[in-house]
Amino acid sequence: MSEYGLVIDGKKVPTEKWLEVKNPATGEVVGECPVATKAQLDEAVTAAARAFRSWSRVPDEERVQAVQHIAGVIEANAGELATLLTREQGKPLKGMGSEFELGGCIAWTSATAALQLPVKVLDDSPRTRVELHRKPVGVVGSITPWNWPLMIAIWHVIPAIRSGNTVVIKPSPYTPLSTLRLVELISEVLPAGVINAVAGKDELGQAMTEHPDIQKIVFTGSCATGRKVMGSAAATLKRLTLELGGNDAGIVLPDVDPAAVAESIVGGAFINNGQTCAALKRLYVHDSIYDEMCDALAAVATRIPMGDGMDEGNLQGPIQNKMQYDKICSMVEEALEMGGKALCGGAPSGGTGYFYPLTIIRDVSEGCRLVDEEQFGPALPVIRYFDIDDAIERANRCENGLGGSIWSRDLAKAAELAGRLECGTAWVNIHGDIRPDVPFGGVKQSGFGVEFAQEGLEEYTSVQIVNIARGEGL
Ligand code: NDP
């Protein structure tokens, strides 16, 4: 029997089938993931629906305490979870890796516990009182990806639970084990059925999006799958939050000192080996500083140690899975065939594991996949521009709209240009700065809805108006 189980109605549930989860750095089997049947999904949804009846009505203070308790449980088990995360996801324990991710889980959980959904009084006149209430929607289905498995699980489930919903979560088949363990720990401090986890392949995600007793789906993943989620959710008119990745552009103005910003740009592009929705994925640099900027980026990228994430000296790990590794190999190959030059990296590392060195490619432009599509990996194209209006136009000529950034010493001008980027978050002199107290979400094909902060919490609620006529003589 697998040491990992589904979590249904407060119990760890075994399955008849398992799938092997492998460490992308070494190929070793990390553990066996239980594969849920459609009937087990139904059981999880039924348990969540049953738990919703009481969880949605407990005093708010009790839910605040429960979420604070969860933050404490994550903190107490952070070491075990971080190690498991590194082994199944590949990211290093140190640097911006697993320990950092667990820190994010605790920070987001604590910040969400502190949020409130007060009743708003819209009219309080002698004849009428009108109140706006925020009510939980019911059972929330969460479908999470393999890049930041635990952090994104927390982003989905904590606001859902905090606002009185119950949850069925399905982690990615590439990185299910750390989420199953996290949910097992969380479920120990919540009433049975408030949080449930199913795992497996075979269209389990689609079964969730079609399920008549799930009221909302929160999905983080690719645009293509996001469209499918929306299609299959239509029949039951589910509420949706879709966070669908991006192809974020950064634009470097001529007044910038390349050496001064290179580290921040490399950090923004290669966080989690580039496997981050809000990573910087295309860099536009003014002609006057183009050569200097390319060299400065390559100098920083070359210094970052890559290898097995369990070795504490490494700050980058492998690409998480073969599909993604093959995608990066072919995108870089095409960019080089089209005249691009690799200043560092540019070919797979070879040997065991899905290692691909950090790669900076210059002399590329639109028309190749590395620029036009989301690469989601360790290869950054650097594109030359001459005119800022043209650069903004090219940055916006993209179906995605998650983030973007402007780099300049002139903050007022940079902020004005940032406002012209068609994206959910426009940064100045930084890229990918995501915080629990600031809403985050995409426009265009990057999805809709926001996560985090008050606006993110409200996405897990619907509005109910209570309209009281203060008539006399009733
Ligand atoms: P996808 O985003 O395509 O998602 C796959 C997940 O979606 C699986 O867990 C699958 O579960 C589920 N799924 C598939 N079909 C449906 C459906 N019709 N309804 C509901 N859920 C469904 O990720 P991939 O791993 O295939 O990665 C592909 C690309 O996505 C990457 O190259 C990258 O560009 C992007 N990506 C973006 C991320 C982000 O953070 N924005 C994260 C990860 C990837 P099941 O098989 O059980 O049905």
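Residues numbered from 1 in each chain as written. Predicted model: local features only at pLDDT ≥ 70, side-chain atom pairs only at ≥ 80, totals over all residues. Heavy atoms only, no water.

**What to know about the pairing of strand β4 (residues 29-35)**
- The element β4 is largely enclosed, with a buried count of five among its seven residues.
- As paired elements, strand β3 (residues 17-22) and β4 share six bridges and run antiparallel to each other. Residue pairing across strands places K17 opposite V35, the latter belonging to β4.
- Counted along the chain from β3 to the antiparallel partner β4, the turn is six residues long, and its residue G27 has a positive phi close to 85°. (Buried < 20%, exposed > 50% of the residue type's maximum accessible area, 1.4 Å probe, protein only. Helix = DSSP H or I, 4+ residues; strand = E, 2+ residues; numbered from the N terminus. Pairing = 2+ DSSP bridges.)

**Observations regarding the sheet that holds strand β19 (residues 425-428)**
- In space, the seven strands of this open sheet follow the order β14-β15-β16-β13-β12-β18-β19, with mixed pairing throughout. The outermost strands of the open sheet, each flanked by one partner alone, are β14 (341-344) and β19. Averaged over all pairs of adjacent strands, the angle between their axes in this sheet comes to 25°, without regard to strand direction.
- Running at roughly 30° to strand β15 (residues 359-362), helix α11 (residues 322-337) makes contact with β14, β15 and β16 (379-385) of the sheet. (Axes fitted to C-alpha atoms, helices over the stretch in contact; angles between N-to-C directions. Contact = heavy atoms within 4.5 Å.)

**Some words on the nonpolar core**
- Of all hydrophobic cores here, the largest spans 86 residues; its most connected members are I161, V168 and L190.
- Here this core gets ten residues from one element, more than from any other, and that element is helix α5 (residues 149-162).
- Each of domain 1 (6-244 + 446-465) and domain 2 (248-428) contributes no fewer than three residues to this core.
- The residues contacting V168, other than those within four sequence positions of it, are L41, A44, V45, A48, V139, V140, G141, S142, N196, V198 and M208.
- In terms of nonpolar packing, the next biggest core, distinct from the first, is built from 29 residues, I319, A335, Y385 and L417 among them. (Core = buried A, V, L, I, M, F, W, Y, C linked by side-chain atoms within 4.5 Å. Domains from an automatic or database assignment.)

**Structural notes on the packing of aromatic side chains**
- Applying the stated criterion across every chain, the model contains eight aromatic pairs.
- For the ring pair W155 and F452, a centre distance of 4.7 Å and an interplane angle of 70° mean the geometry is edge-to-face. Of the two residues, W155 sits in helix α5 while F452 sits in the loop between β21 (447-448) and α15 (453-458), which places them 297 residues apart along the sequence. When sorted by exposure, W155 lands in the same class as F452, which is buried.
- Ring pairs connect the aromatic residues W108, W155, F440 and F452, which therefore count as one cluster. (Phe/Tyr/Trp six-rings, centres within 6.5 Å; stacked < 30°, edge-to-face > 60°.)

**Re the environment of G138**
- Turning to its location among the elements, G138 is positioned in the loop between β6 (128-136) and β7 (139-143).
- Spatially, the C-alpha atom of G138 lies 5.8 Å from that of Q215, the residues being 77 residues apart in sequence.
- Here G138 is in contact with F52, N165, T166 and Q215, once residues within four sequence places are set aside.

**Section: the sheet that holds strand β5 (residues 120-124)**
- One open sheet accounts for three strands, arranged β5-β6-β22; its pairing is antiparallel. Either end of the sheet is taken by a strand with one partner, and the two such strands are β5 and β22 (461-469). Shown here is a sheet whose adjacent strand axes are inclined to one another by a mean of 20°, direction ignored.
- Pairing analysis gives nine bridges linking β6 to β22, with the strands arranged antiparallel. Bridge pairing in β22 links L132 to I465.

**Notes on α5**
- Spanning 14 residues, α5 covers 20 Å between terminal C-alpha atoms, matching the ideal 20 Å at 1.5 Å per step.
- Where burial is concerned, most of α5 is hidden: 14 out of the 14 residues are buried.
- Positive phi shows up at G164, right after α5, with a value of about 100°. (Expected span 1.5 Å × (residues − 1).)

**Observations concerning the pattern of salt bridges**
- Taken as a whole and assessed by the stated rule, the structure comprises 30 salt bridges.
- In this structure, the salt-bridge partner of D60 is R63, at a minimum N-O distance of 3.5 Å. Of this pair, D60 and R63 both sit in helix α2 (residues 60-76), three residues apart, roughly one helical turn.
- Overall, the relative accessible area of 7% leaves R63 in the buried class.
- Put simply, R303 and E263 hold a salt bridge, and the shortest N to O gap is 4.0 Å. One end of the pair, R303, is in the loop between α10 (290-302) and α11; the other, E263, is in helix α9 (residues 258-270), and 40 residues separate them in sequence.
- By relative accessible area, R303 is classed as exposed at 57%.
- Shared partners join several salt bridges into a network, and the residues in it are D287, D291, K341, R362, D363 and R384. (Salt bridge = Lys/Arg side-chain N within 4 Å of Asp/Glu carboxyl O.)

**Description of the domain arrangement of the chain**
- Considered domain by domain, the chain is made up of domain 1 (6-244 + 446-465) and domain 2 (248-428).
- On a C-alpha basis, the centres of domain 1 and domain 2 stand 31 Å from each other.
- Across the contact, 25 residues belong to domain 1 and 28 residues belong to domain 2.
- Of the roughly 2200 Å² buried between domain 1 and domain 2 on both sides combined, carbon and sulfur atoms contribute 61%.
- Sorting the residues of domain 1 by area buried against domain 2 places P24, W146 and S446 first, and these three jointly supply 25% of that buried surface.
- At the surface where domain 1 touches domain 2, the tally comes to one salt bridge.
- Across the domain 1-domain 2 interface, the total number found is eight residue pairs in polar contact (both at pLDDT 80 or more).
- Contributions of two or more residues to the side of domain 1 that touches domain 2 are made by α3 (78-89) and α8 (223-233).
- When residues of the side of domain 1 that touches domain 2 are assigned to their parent elements, the largest contribution, five residues, is made by α3.
- For the side of domain 1 that touches domain 2, a count of residues per class yields ten nonpolar, nine polar and six charged. (Buried area = accessible area lost by both parts, 1.4 Å probe. Polar contact = N/O pair within 3.5 Å; in protein donor to acceptor, adjacent residues only side chain to side chain. Nonpolar A, V, L, I, M, F, W, Y, C, P; charged D, E, K, R; others polar.)

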